[in-house]
Amino acid sequence: MKANHVEQMIEGPDGRRRKVMVHMGESPLAWLHARGHLSARHYAAGDMLRQDWERAGLGARVTMRWDAAPREGGRRGPGRPADPTLAQMAARDRFDGAIGAAGPGLADILWRVACAGEGLVAAEKALGWPSRAGKLVLTLALDRVAGWYRVP
């Protein structure tokens, strides 16, 4: 077993659980697309959403920020908040628009799978949904997002 692969238990289409090797560098959307569960249009829309989420800086930070220290503030008062770049603001606007286009009932699984990298089964369990409901809802959400991004 290679270091970038792990063994996991999944539920197959027939409802039976089985062991599979999962490539840790592959996103859940890429995994679904590679196995024919998502169209190229849906995959592209999900990838665009994830890219905007990352560009906007909405993900959790793992490392220390190396921005310059604020010149004013410190112990005497609060410093100015860091100004986001125009690219970050544009990405945030696109992300918010795409999530809004997906709608409130569909945005949850869309964010979990496309942005947070959560597997479909894990997302279904976290949302309290029955097995195999997530794929249908994710496809509907990606279809709306593809229309919003104007993916052909």
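For the structure, see preceding data.
Residues numbered from 1 in each chain as written. Predicted model: local features only at pLDDT ≥ 70, side-chain atom pairs only at ≥ 80, totals over all residues. Heavy atoms only, no water.

Draft legend 1. Just helix α3 (residues 86–102), in detail. In this model α3 runs 24 Å from its N-terminal to its C-terminal C-alpha over 17 residues, within 8% of the 24 Å that 1.5 Å per residue would give. Those residues of α3 lying buried are Ala 91, Phe 95, Ala 98, Ile 99 and Ala 102. Projection of α3 onto a plane perpendicular to its axis shows the buried side chains occupying an angular sector of 95°, all on one side. Seen from the open side of α3, the exposed residues pointing more than 90 degrees away from its buried face are Leu 86, Asp 93 and Gly 100. (Helix = DSSP H or I, 4+ residues; strand = E, 2+ residues; numbered from the N terminus. Expected span 1.5 Å × (residues − 1). Buried < 20%, exposed > 50% of the residue type's maximum accessible area, 1.4 Å probe, protein only. Arc of directions from axis to C-beta.)

Draft legend 2. Molecular detail of the packing of aromatic side chains. In this structure the tally under the stated criterion is 2 aromatic pairs. Ring centres of Trp 53 and Trp 111 lie 6.2 Å apart, and the angle between their planes is 80°; this geometry places the pair in the edge-to-face category. In this pair, Trp 53 is assigned in helix α2 (residues 40–55) and Trp 111 in helix α4 (residues 104–115), connecting sequence segments 58 residues apart. Look at Trp 53 and you get buried, because its relative accessible area is 12%. (Phe/Tyr/Trp six-rings, centres within 6.5 Å; stacked < 30°, edge-to-face > 60°.)

Draft legend 3. The arrangement of the pattern of salt bridges in detail. A full pass over the atoms with the stated rule returns 7 salt bridges. Here Arg 94 ties to Asp 52 by a salt bridge, and the two come within 2.8 Å at their closest N and O atoms. With a gap of 42 residues between them, Arg 94 in helix α3 and Asp 52 in helix α2 connect regions that are remote in the sequence. On the basis of relative accessibility, which here comes to 3%, the residue Asp 52 falls in the buried class. Residue Arg 112 pairs with Glu 118 through a salt bridge whose shortest N-O separation is 3.1 Å. For Glu 118, a relative accessible area of 21% translates into the label partly exposed. Members of the salt-bridge network, linked through shared partners, are Asp 47, Arg 50 and Glu 54. (Salt bridge = Lys/Arg side-chain N within 4 Å of Asp/Glu carboxyl O.)

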